[in-house]
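# Notes for the structure review
So the chains spell out like this:
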Amino acid sequence: MKRFLYVLAAMLMVLAGCSGGDDNSKPVEEKEKQQDQEAIVPVDHLETVAENLQIPWSINKLGETFYLSERPGTIVKVENGTMVRQKVSLKKELSQAAEAGLLGFVLAPDFAQSNKAFAYYTYENGTGQFNRIVELTLENDEWIEGRLLLDNIPSGRFHHGGRLKIGPDGKLYATAGDAAATPEIAQDLDSLGGKILRLNLDGSVPEDNPFTGSYVYSYGHRNPQGMAWAKDGTMYASEHGPSAHDEINVIERGMNYGWPEITGDEKKQGMETPLFQSGDNTWAPSGMAEHDGKLYVATLRGNALREFDPVAKTTREVVTGVGRVRDVLIDGSYVYFISNNTDGRGTPGAGDDKLYRVRIEDVLQ
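Residues numbered from 1 in each chain as written. Predicted model: local features only at pLDDT ≥ 70, side-chain atom pairs only at ≥ 80, totals over all residues. Heavy atoms only, no water.

Formed by 20 residues in total, the largest nonpolar core has its most connected members in Ile133 and Leu197. Of all the secondary-structure elements, those providing two or more residues to this core are β6 (102-107), β7 (116-125), β9 (142-154), β11 (172-176), β12 (195-199) and β13 (216-219). Residues within four places of Leu197 in sequence aside, it is in contact with Leu150, Ile153, Leu172, Tyr173, Ala174, Ala176, Leu192, Tyr215, Val216 and Tyr217. Membership of the second largest hydrophobic core comes to 18 residues, among which are Leu46, Ile330, Val335 and Ile360. (Core = buried A, V, L, I, M, F, W, Y, C linked by side-chain atoms within 4.5 Å. Buried < 20%, exposed > 50% of the residue type's maximum accessible area, 1.4 Å probe, protein only. Helix = DSSP H or I, 4+ residues; strand = E, 2+ residues; numbered from the N terminus. Contact = heavy atoms within 4.5 Å.)

Printed below as a string of C-alpha coordinates:
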(Lines give C-alpha, C1' and ligand atoms only; values in the text may rest on other atoms or scores of the structure.)
Protein backbone atom coordinates (compact mmCIF):
# COMPACT_ATOMS: atom_id res chain seq x y z
CA MET A 1 0.00 0.00 0.00
CA LYS A 2 2.83 2.38 0.92
CA ARG A 3 4.57 1.75 -2.40
CA PHE A 4 1.28 2.44 -4.21
CA LEU A 5 0.98 5.80 -2.44
CA TYR A 6 4.53 6.75 -3.45
CA VAL A 7 3.84 5.88 -7.08
CA LEU A 8 0.53 7.76 -7.02
CA ALA A 9 2.23 10.81 -5.52
CA ALA A 10 4.92 10.72 -8.21
CA MET A 11 2.28 10.55 -10.95
CA LEU A 12 0.47 13.53 -9.50
CA MET A 13 3.71 15.48 -9.39
CA VAL A 14 4.37 14.81 -13.04
CA LEU A 15 0.85 15.90 -13.96
CA ALA A 16 1.29 19.06 -11.95
CA GLY A 17 4.36 19.81 -14.05
CA CYS A 18 6.41 21.41 -11.27
CA SER A 19 6.60 19.53 -8.00
CA GLY A 20 8.37 16.59 -9.59
CA GLY A 21 11.21 18.79 -10.70
CA ASP A 22 13.87 21.09 -9.28
CA ASP A 23 11.34 23.52 -7.86
CA ASN A 24 9.10 22.02 -5.24
CA SER A 25 5.46 22.96 -5.39
CA LYS A 26 4.81 26.24 -3.54
CA PRO A 27 2.37 29.12 -4.08
CA VAL A 28 3.52 32.04 -6.22
CA GLU A 29 2.94 34.48 -3.38
CA GLU A 30 5.52 32.64 -1.25
CA LYS A 31 8.06 32.80 -4.07
CA GLU A 32 7.52 36.56 -4.28
CA LYS A 33 7.85 36.87 -0.51
CA GLN A 34 11.21 35.09 -0.62
CA GLN A 35 12.43 37.42 -3.37
CA ASP A 36 11.42 40.51 -1.38
CA GLN A 37 13.56 39.63 1.66
CA GLU A 38 16.48 42.03 2.14
CA ALA A 39 19.81 40.41 1.30
CA ILE A 40 23.24 41.23 2.73
CA VAL A 41 24.88 42.13 -0.60
CA PRO A 42 23.23 44.78 -2.81
CA VAL A 43 22.93 43.81 -6.46
CA ASP A 44 25.06 46.79 -7.49
CA HIS A 45 27.99 45.24 -5.57
CA LEU A 46 28.05 42.25 -7.91
CA GLU A 47 30.51 42.00 -10.80
CA THR A 48 29.64 40.13 -13.98
CA VAL A 49 32.49 37.85 -15.08
CA ALA A 50 30.67 36.27 -18.05
CA GLU A 51 27.21 36.49 -19.62
CA ASN A 52 25.00 34.92 -22.29
CA LEU A 53 25.51 31.46 -20.79
CA GLN A 54 23.15 28.64 -21.77
CA ILE A 55 21.78 26.82 -18.71
CA PRO A 56 25.13 26.68 -16.88
CA TRP A 57 25.45 23.95 -14.25
CA SER A 58 28.96 23.74 -12.73
CA ILE A 59 31.77 26.20 -12.03
CA ASN A 60 35.43 25.18 -12.22
CA LYS A 61 38.39 27.54 -11.87
CA LEU A 62 42.10 26.99 -12.44
CA GLY A 63 44.21 30.07 -11.84
CA GLU A 64 42.22 32.85 -13.48
CA THR A 65 40.56 30.57 -16.05
CA PHE A 66 36.99 29.29 -15.63
CA TYR A 67 35.40 26.20 -17.13
CA LEU A 68 31.58 26.15 -16.91
CA SER A 69 29.45 23.20 -17.96
CA GLU A 70 26.24 23.99 -19.85
CA ARG A 71 23.32 21.58 -19.84
CA PRO A 72 22.83 21.55 -23.65
CA GLY A 73 26.26 19.92 -23.94
CA THR A 74 29.05 22.50 -24.04
CA ILE A 75 31.84 23.81 -21.80
CA VAL A 76 32.44 27.55 -21.63
CA LYS A 77 36.01 28.68 -21.07
CA VAL A 78 36.36 32.19 -19.65
CA GLU A 79 39.83 33.70 -19.64
CA ASN A 80 40.98 37.32 -19.50
CA GLY A 81 37.47 38.53 -20.25
CA THR A 82 37.14 36.32 -23.34
CA MET A 83 34.52 33.58 -23.52
CA VAL A 84 34.94 30.51 -25.76
CA ARG A 85 32.20 27.87 -26.03
CA GLN A 86 33.96 24.51 -26.39
CA LYS A 87 32.40 21.49 -28.05
CA VAL A 88 31.89 18.31 -26.03
CA SER A 89 31.98 15.07 -28.05
CA LEU A 90 30.13 12.35 -26.15
CA LYS A 91 29.65 8.68 -27.02
CA LYS A 92 25.94 8.80 -26.14
CA GLU A 93 23.30 11.27 -27.26
CA LEU A 94 22.32 13.74 -24.55
CA SER A 95 18.79 13.37 -23.21
CA GLN A 96 16.36 16.23 -23.74
CA ALA A 97 14.31 15.36 -20.65
CA ALA A 98 13.58 18.04 -18.07
CA GLU A 99 16.65 18.86 -15.94
CA ALA A 100 18.75 16.41 -17.99
CA GLY A 101 21.84 16.93 -20.12
CA LEU A 102 25.46 17.69 -19.31
CA LEU A 103 25.38 18.29 -15.56
CA GLY A 104 28.29 17.80 -13.19
CA PHE A 105 31.77 18.66 -14.43
CA VAL A 106 34.99 18.77 -12.45
CA LEU A 107 38.61 19.16 -13.51
CA ALA A 108 40.97 16.32 -12.65
CA PRO A 109 43.47 17.14 -9.90
CA ASP A 110 46.26 16.98 -12.51
CA PHE A 111 44.33 18.85 -15.20
CA ALA A 112 47.18 21.31 -15.84
CA GLN A 113 49.30 18.37 -17.04
CA SER A 114 46.71 15.84 -18.27
CA ASN A 115 43.95 18.06 -19.77
CA LYS A 116 41.45 15.63 -18.20
CA ALA A 117 38.17 16.21 -16.39
CA PHE A 118 35.14 14.21 -15.29
CA ALA A 119 31.53 14.70 -16.39
CA TYR A 120 28.08 13.42 -15.40
CA TYR A 121 25.48 13.38 -18.16
CA THR A 122 22.05 11.98 -19.02
CA TYR A 123 21.50 9.93 -22.16
CA GLU A 124 18.87 7.77 -23.82
CA ASN A 125 19.20 4.50 -25.67
CA GLY A 126 16.83 1.78 -26.88
CA THR A 127 16.27 0.45 -23.37
CA GLY A 128 15.66 3.68 -21.48
CA GLN A 129 17.26 6.75 -19.97
CA PHE A 130 20.33 6.71 -17.73
CA ASN A 131 23.09 8.84 -16.25
CA ARG A 132 26.77 8.05 -16.60
CA ILE A 133 30.11 9.38 -15.32
CA VAL A 134 32.94 9.64 -17.83
CA GLU A 135 36.43 11.00 -18.27
CA LEU A 136 36.89 13.82 -20.78
CA THR A 137 40.10 15.02 -22.43
CA LEU A 138 40.52 18.55 -23.79
CA GLU A 139 42.08 18.62 -27.27
CA ASN A 140 42.16 21.86 -29.30
CA ASP A 141 39.13 23.42 -27.60
CA GLU A 142 37.13 20.18 -27.82
CA TRP A 143 36.33 17.86 -24.93
CA ILE A 144 36.34 14.21 -26.01
CA GLU A 145 34.79 11.40 -24.00
CA GLY A 146 37.26 8.69 -23.12
CA ARG A 147 37.13 6.25 -20.22
CA LEU A 148 33.73 5.27 -18.84
CA LEU A 149 33.81 5.34 -15.03
CA LEU A 150 30.23 4.43 -14.12
CA ASP A 151 27.07 3.78 -16.15
CA ASN A 152 23.38 2.92 -15.72
CA ILE A 153 22.72 5.40 -12.92
CA PRO A 154 18.89 5.54 -12.79
CA SER A 155 17.21 8.44 -14.56
CA GLY A 156 13.67 9.61 -15.23
CA ARG A 157 11.74 12.74 -16.14
CA PHE A 158 13.24 14.49 -13.11
CA HIS A 159 15.70 14.03 -10.23
CA HIS A 160 18.97 13.22 -11.94
CA GLY A 161 21.22 14.51 -9.16
CA GLY A 162 24.39 15.19 -11.11
CA ARG A 163 26.91 17.04 -8.95
CA LEU A 164 30.55 15.89 -9.14
CA LYS A 165 33.26 16.89 -6.65
CA ILE A 166 36.77 15.71 -5.82
CA GLY A 167 36.83 15.15 -2.06
CA PRO A 168 39.73 15.99 0.26
CA ASP A 169 40.58 12.26 0.14
CA GLY A 170 41.20 12.49 -3.62
CA LYS A 171 38.12 10.40 -4.46
CA LEU A 172 35.39 11.37 -6.94
CA TYR A 173 31.97 11.91 -5.35
CA ALA A 174 28.71 12.06 -7.30
CA THR A 175 25.13 12.82 -6.31
CA ALA A 176 22.45 10.62 -7.88
CA GLY A 177 18.71 11.36 -7.75
CA ASP A 178 15.89 8.91 -7.17
CA ALA A 179 14.57 9.23 -10.77
CA ALA A 180 11.32 10.79 -9.44
CA ALA A 181 8.83 8.03 -10.27
CA THR A 182 10.61 5.36 -8.23
CA PRO A 183 11.52 6.96 -4.88
CA GLU A 184 11.80 3.56 -3.18
CA ILE A 185 15.13 2.93 -4.96
CA ALA A 186 16.72 5.44 -2.59
CA GLN A 187 16.42 2.76 0.13
CA ASP A 188 17.69 -0.06 -2.12
CA LEU A 189 21.43 -0.59 -1.69
CA ASP A 190 21.49 -2.53 -4.95
CA SER A 191 20.41 0.58 -6.86
CA LEU A 192 22.63 3.59 -7.63
CA GLY A 193 19.64 5.96 -7.50
CA GLY A 194 18.97 8.24 -4.53
CA LYS A 195 22.57 7.98 -3.36
CA ILE A 196 25.84 9.78 -2.92
CA LEU A 197 28.43 7.70 -4.76
CA ARG A 198 32.20 7.49 -4.19
CA LEU A 199 34.65 6.34 -6.88
CA ASN A 200 38.35 6.06 -7.46
CA LEU A 201 39.45 8.31 -10.32
CA ASP A 202 39.83 5.27 -12.57
CA GLY A 203 36.21 4.26 -11.96
CA SER A 204 36.92 1.40 -9.56
CA VAL A 205 35.24 1.00 -6.16
CA PRO A 206 37.34 2.30 -3.25
CA GLU A 207 38.26 -0.49 -0.84
CA ASP A 208 37.20 1.62 2.16
CA ASN A 209 33.68 2.35 0.89
CA PRO A 210 31.08 1.46 3.54
CA PHE A 211 29.46 -1.36 1.54
CA THR A 212 31.85 -3.93 0.13
CA GLY A 213 32.12 -3.78 -3.65
CA SER A 214 29.59 -0.93 -3.88
CA TYR A 215 29.92 2.68 -5.04
CA VAL A 216 27.30 3.73 -2.47
CA TYR A 217 28.65 6.13 0.16
CA SER A 218 25.30 7.24 1.65
CA TYR A 219 21.69 6.51 0.73
CA GLY A 220 18.07 7.54 1.29
CA HIS A 221 18.45 10.73 -0.79
CA ARG A 222 15.78 12.31 -2.99
CA ASN A 223 17.59 14.70 -5.34
CA PRO A 224 20.93 15.81 -3.89
CA GLN A 225 22.67 18.52 -5.93
CA GLY A 226 25.45 20.01 -3.83
CA MET A 227 28.46 18.82 -1.81
CA ALA A 228 31.12 20.59 0.24
CA TRP A 229 33.71 19.76 2.88
CA ALA A 230 34.86 21.77 5.89
CA LYS A 231 38.55 22.02 6.82
CA ASP A 232 38.03 19.37 9.50
CA GLY A 233 36.78 16.93 6.86
CA THR A 234 33.07 17.21 7.66
CA MET A 235 31.05 16.57 4.51
CA TYR A 236 27.81 18.40 3.73
CA ALA A 237 25.22 17.93 1.00
CA SER A 238 22.16 19.84 -0.21
CA GLU A 239 18.98 18.05 -1.24
CA HIS A 240 15.61 18.90 -2.76
CA GLY A 241 12.68 17.82 -0.61
CA PRO A 242 9.09 17.07 -1.66
CA SER A 243 6.93 20.22 -1.74
CA ALA A 244 9.37 22.22 0.41
CA HIS A 245 11.28 20.48 3.26
CA ASP A 246 14.55 20.96 1.40
CA GLU A 247 17.60 19.77 3.30
CA ILE A 248 21.20 20.50 4.25
CA ASN A 249 22.76 17.32 5.65
CA VAL A 250 25.97 16.28 7.37
CA ILE A 251 27.02 13.25 5.33
CA GLU A 252 28.59 10.27 7.05
CA ARG A 253 29.70 7.07 5.34
CA GLY A 254 27.09 4.35 5.18
CA MET A 255 24.28 6.41 6.72
CA ASN A 256 20.63 6.40 5.62
CA TYR A 257 19.07 9.84 5.08
CA GLY A 258 15.51 8.62 5.12
CA TRP A 259 13.86 9.33 1.76
CA PRO A 260 11.09 8.38 1.09
CA GLU A 261 10.39 7.04 4.60
CA ILE A 262 10.86 10.36 6.42
CA THR A 263 11.00 14.03 5.42
CA GLY A 264 11.79 17.26 7.24
CA ASP A 265 12.27 16.74 10.97
CA GLU A 266 10.52 13.36 11.03
CA LYS A 267 12.47 10.65 12.82
CA LYS A 268 12.82 6.93 12.34
CA GLN A 269 15.30 4.52 13.86
CA GLY A 270 18.36 4.04 11.69
CA MET A 271 17.70 7.19 9.62
CA GLU A 272 19.32 10.63 9.81
CA THR A 273 17.41 13.91 10.14
CA PRO A 274 18.81 17.01 8.39
CA LEU A 275 21.02 19.68 9.89
CA PHE A 276 18.72 22.25 8.26
CA GLN A 277 15.35 21.82 6.56
CA SER A 278 13.23 24.50 4.92
CA GLY A 279 9.90 23.59 6.50
CA ASP A 280 7.06 25.09 4.48
CA ASN A 281 9.44 27.28 2.49
CA THR A 282 11.17 26.17 -0.70
CA TRP A 283 14.87 26.69 -1.37
CA ALA A 284 15.51 24.09 -4.12
CA PRO A 285 19.18 24.04 -3.10
CA SER A 286 21.86 23.17 -5.63
CA GLY A 287 25.64 23.74 -5.61
CA MET A 288 27.37 24.61 -2.36
CA ALA A 289 30.72 25.75 -0.95
CA GLU A 290 32.24 26.06 2.53
CA HIS A 291 34.22 28.98 3.97
CA ASP A 292 35.38 29.52 7.56
CA GLY A 293 32.82 27.15 9.03
CA LYS A 294 29.83 28.43 7.06
CA LEU A 295 28.06 26.97 4.06
CA TYR A 296 27.07 28.96 0.99
CA VAL A 297 24.33 27.34 -1.06
CA ALA A 298 22.91 28.23 -4.47
CA THR A 299 19.12 28.09 -4.43
CA LEU A 300 16.89 27.85 -7.49
CA ARG A 301 13.30 28.41 -6.39
CA GLY A 302 14.69 30.39 -3.48
CA ASN A 303 16.26 32.83 -5.98
CA ALA A 304 19.23 33.46 -3.72
CA LEU A 305 22.69 32.61 -2.56
CA ARG A 306 22.06 31.53 1.02
CA GLU A 307 24.40 31.22 4.00
CA PHE A 308 24.07 28.49 6.64
CA ASP A 309 25.84 28.50 10.01
CA PRO A 310 26.04 24.87 11.23
CA VAL A 311 27.03 25.94 14.76
CA ALA A 312 24.50 28.69 15.37
CA LYS A 313 21.90 26.79 13.30
CA THR A 314 20.96 29.98 11.47
CA THR A 315 20.49 30.81 7.79
CA ARG A 316 20.16 34.03 5.82
CA GLU A 317 20.08 35.26 2.24
CA VAL A 318 23.30 36.99 1.20
CA VAL A 319 22.54 37.65 -2.50
CA THR A 320 19.17 38.05 -4.20
CA GLY A 321 17.90 39.89 -7.24
CA VAL A 322 19.62 37.80 -9.92
CA GLY A 323 16.95 35.09 -10.17
CA ARG A 324 17.73 31.39 -9.92
CA VAL A 325 21.20 30.39 -8.69
CA ARG A 326 22.67 27.00 -9.68
CA ASP A 327 26.25 26.74 -8.41
CA VAL A 328 28.73 28.55 -6.17
CA LEU A 329 32.52 28.52 -5.85
CA ILE A 330 34.71 30.32 -3.32
CA ASP A 331 38.28 31.01 -4.42
CA GLY A 332 40.76 33.59 -3.23
CA SER A 333 38.99 36.77 -2.13
CA TYR A 334 35.80 36.13 -4.09
CA VAL A 335 32.56 34.21 -4.08
CA TYR A 336 31.56 33.17 -7.62
CA PHE A 337 28.09 31.97 -8.60
CA ILE A 338 26.02 31.33 -11.73
CA SER A 339 22.41 32.22 -12.43
CA ASN A 340 20.08 29.69 -14.08
CA ASN A 341 17.24 31.72 -15.52
CA THR A 342 17.44 30.09 -18.97
CA ASP A 343 16.57 26.60 -17.67
CA GLY A 344 12.87 26.86 -18.52
CA ARG A 345 11.73 27.74 -15.01
CA GLY A 346 13.16 31.24 -14.71
CA THR A 347 12.56 34.57 -16.41
CA PRO A 348 15.75 35.46 -18.31
CA GLY A 349 16.91 39.05 -18.18
CA ALA A 350 19.30 40.84 -20.50
CA GLY A 351 22.52 38.86 -20.82
CA ASP A 352 21.28 35.86 -18.84
CA ASP A 353 22.63 33.56 -17.74
CA LYS A 354 25.65 35.05 -15.99
CA LEU A 355 28.70 34.21 -13.91
CA TYR A 356 28.95 36.69 -11.05
CA ARG A 357 31.47 37.42 -8.36
CA VAL A 358 31.40 39.34 -5.08
CA ARG A 359 34.09 39.96 -2.50
CA ILE A 360 34.02 37.60 0.47
CA GLU A 361 34.30 40.61 2.81
CA ASP A 362 30.95 41.88 1.48
CA VAL A 363 29.31 38.51 2.07
CA LEU A 364 30.61 38.28 5.65
CA GLN A 365 28.95 41.50 6.85
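With mixed pairing, eight strands are arranged side by side in an open sheet as β2-β3-β4-β5-β9-β8-β7-β6. Edge positions in the sheet fall to β2 (56-62) and β6, since each of these pairs with one other strand and no more. Averaged over all neighbouring strand pairs, the angle between strand axes comes to 30°, with direction disregarded. Looking at chain direction, strand β4 (residues 74-79) and strand β5 (residues 82-89) are connected through six bridges and run antiparallel. Pairing of Lys77 across the sheet is with Val84, part of β5. (Pairing = 2+ DSSP bridges. Axes fitted to C-alpha atoms, helices over the stretch in contact; angles between N-to-C directions.)

With that settled, consider the pattern of salt bridges. A full pass over the atoms with the stated rule returns 17 salt bridges. For Arg357, the salt bridge goes to Glu47, with nearest N and O atoms at 3.2 Å. Of this pair, Arg357 sits in strand β24 (residues 355-359) while Glu47 sits in strand β1 (residues 47-50); the two residues are 310 residues apart in sequence, bridging distant segments of the chain. Given the relative accessible area of 35%, Glu47 is considered partly exposed. Here Lys61 and Glu64 are joined by a salt bridge, their closest N and O atoms 3.6 Å apart. (Salt bridge = Lys/Arg side-chain N within 4 Å of Asp/Glu carboxyl O.)

The buried fraction of strand β22 (residues 325-331) is high, at five of seven residues. Inspection of the sheet shows β22 paired to strand β23 (residues 334-339) by six bridges, in the antiparallel sense. Among the inter-strand pairings, Leu329 is bridged to a residue of β23, identified as Tyr336. Between the end of β22 and the start of β23, which pair antiparallel, lie two residues, with Gly332 showing a positive phi angle near 60°.

The computed volume of the largest pocket comes to approximately 780 Å³. Around the largest pocket, the lining is made up of 34 residues, and of these Val106, Lys165, Ile166, Leu329 and Ile330 lie nearest the centre. Sorting the residues of the lining of the largest pocket by element identifies β2, β6, α3 (111-114), β10 (161-166), β14 (224-229), β18 (285-291) and β22 as the ones contributing at least two each. (1 Å grid on protein atoms, 1.4 Å probe; cavity = no way out; pocket = protein on both sides within 12 Å on 5 of 7 lines; lining within 4 Å. Points joined across faces, edges and corners; volume = space filled by probe spheres on them.)

Bringing the side chain of Asp309 into the picture now. Along the chain, Asp309 turns up in strand β20 (residues 304-309). As a buried residue without a salt bridge, Asp309 has its nearest oppositely charged side chain in Lys294, at a separation of 4.3 Å. A distance of 2.9 Å separates the side chain of Asp309 from the backbone nitrogen of Val311, its partner in a polar contact. What Asp309 contacts, discounting residues up to four positions off in sequence, is Phe276, Lys294 and Thr314. (Lys, Arg positive; Asp, Glu negative; His and termini not counted. Polar contact = N/O pair within 3.5 Å; in protein donor to acceptor, adjacent residues only side chain to side chain.)

Bringing unusual backbone geometry into the picture now. Cis geometry is found at the peptide bond from Trp259 to Pro260, where omega equals 0°. One can find Pro260 in the loop between β16 (247-251) and β17 (276-277). A cis amide bond, omega 0°, links Asp352 with the succeeding residue Asp353. Following the sequence through the fold, Asp353 ends up in the loop between β23 and β24. The backbone phi angle of Asn303 is positive, close to 55°, even though this residue is not glycine. Looking at the element boundaries, Asn303 is found in the loop between β19 (294-299) and β20. Given a relative accessible area of 5%, Asn303 falls into the buried group.

Turning to the packing of aromatic side chains, a few remarks are in order. The relative placement of two aromatic rings is captured by the distance of their centres and the angle of their planes. Counting across every chain of the model gives 14 aromatic pairs. The rings of Tyr67, Phe105, Phe111 and Trp143 are connected pair by pair, giving a single aromatic cluster. Just above the ring of Tyr334 sits the side chain of Arg357; from NZ or CZ to the centre is 3.8 Å. (Phe/Tyr/Trp six-rings, centres within 6.5 Å; stacked < 30°, edge-to-face > 60°. Lys NZ or Arg CZ within 6 Å of the ring centre and 35° of its normal.)

For the rest of this paragraph, the subject is the pairing of β16. For β16, the tally of buried residues reaches four of five residues, placing the bulk of the element in the interior. Bridge analysis of strand β15 (residues 235-239) against β16 gives five bridges, and the strand direction is antiparallel. Paired with Ser238 across the bridge in β16 is Ile248.

Take the environment of Pro183 next. Mapped onto the secondary structure, Pro183 falls in the loop between β11 and β12. Relative accessible area serves as the criterion here: at 4%, Pro183 is assigned to the buried category. Taking the C-alpha atoms as reference points, Pro183 and Arg222, separated by 39 residues in sequence, lie 7.1 Å from one another.

Let us now look at the environment of Glu247. Position of Glu247 relative to the elements: it lies in strand β16. Separated by 32 residues in the primary sequence, Glu247 and Gly279 have C-alpha atoms spaced 9.2 Å apart. Contact partners of Glu247, with chain neighbours within four places excluded, come to Ala237, Ser238, Glu239, Gly264, Pro274, Phe276, Gln277 and Pro285. One polar contact links Glu247 to Asn249, side chain to side chain, over a distance of 2.9 Å.

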